[in-house]
Each structure stands twice: as structure tokens, then as C-alpha cells.
Amino acid sequence: MKRIKITKCRYCGGTEFAKGVQDTHGCIRGQNVWDYGQTLYHVVCLNCGCVVQTYVKEPERLLSRKRRKEREASKED
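No experiment lies behind these values; they were computed from the predicted model shown.

A. Just the nonpolar core, in detail. Grouped together as the largest cluster of nonpolar side chains are 6 residues: Cys 9, Tyr 41, Val 43, Cys 45, Val 52 and Tyr 55. Counting residues per element, the ones that place at least two in this core are strand 2 (41-45) and strand 3 (51-55). The element contributing the most residues to this core is strand 2, with 3 residues. Those residues in contact with Val 43 that sit more than four places away from it in its chain are Phe 17, Ala 18, Lys 19, Cys 50, Val 51, Val 52, Gln 53 and Tyr 55.

The structure is reproduced here in C-alpha cells:
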């Protein structure tokens, strides 16, 4: 996964941020029915309070197993 570094708030220009984790009620689920979902991580501007970034740690888990295998095969070529 590519990491994106936030250096400036696009709303107010602030440069100080805090990271937070959303509880299990706000998880995101992929196409796999048995997947318990992934926690959402947020980066919040400490100046204006806007959420400037939201991400999951394992985005590939949001794909179906079939799509994941296809993606891995294409990377090997």
C-alpha cells in the first residue's frame, strides 16, 4: 500500500494533525461475506477539526478472493 503523507490541511492550511481510530461500528467490509471488516483510521487537523484523510491498513482485503488472486497473478507477470 502506498502511504500518503499529509503536510497541510486543504481546508484551513493547518500543519498539526492527530491520528485516531474509529470504533468497530464504523468498520468497512469488503466483498467477502465472512470478512469482519477493517478499522478506519483518520487523520484530523488540530486547527479546524476536519478529517483530512481516512484509510484502512489492508485495502486488498476489500476485494473478493477471486479478484485478489487475479491481481496477484498480474503482478507476477
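B. Region of interest: the packing of aromatic side chains. Taken as a whole and judged by the stated rule, the model has 1 aromatic pair. Centre to centre, the rings of Tyr 41 and Tyr 55 are 5.6 Å apart; their planes meet at 20 degrees, and the pair counts as stacked. Of the two residues, Tyr 41 is situated in strand 2 and Tyr 55 in strand 3; the sequence distance between them amounts to 14 residues. The exposure class assigned to Tyr 55 is buried, which follows from its relative accessible area of 17%.

C. Representation of the side chain of Gln 53 in the model. Here Gln 53 shows up in strand 3. Taking the relative accessible area as the measure of exposure, Gln 53 reaches 17% and is therefore buried.

Parameters at a glance
Residues numbered from 1 in each chain as written. Predicted model: local features only at pLDDT ≥ 70, side-chain atom pairs only at ≥ 80, totals over all residues. Heavy atoms only, no water. Core = buried A, V, L, I, M, F, W, Y, C linked by side-chain atoms within 4.5 Å. Buried < 20%, exposed > 50% of the residue type's maximum accessible area, 1.4 Å probe, protein only. Helix = DSSP H or I, 4+ residues; strand = E, 2+ residues; numbered from the N terminus. Contact = heavy atoms within 4.5 Å. Phe/Tyr/Trp six-rings, centres within 6.5 Å; stacked < 30°, edge-to-face > 60°.

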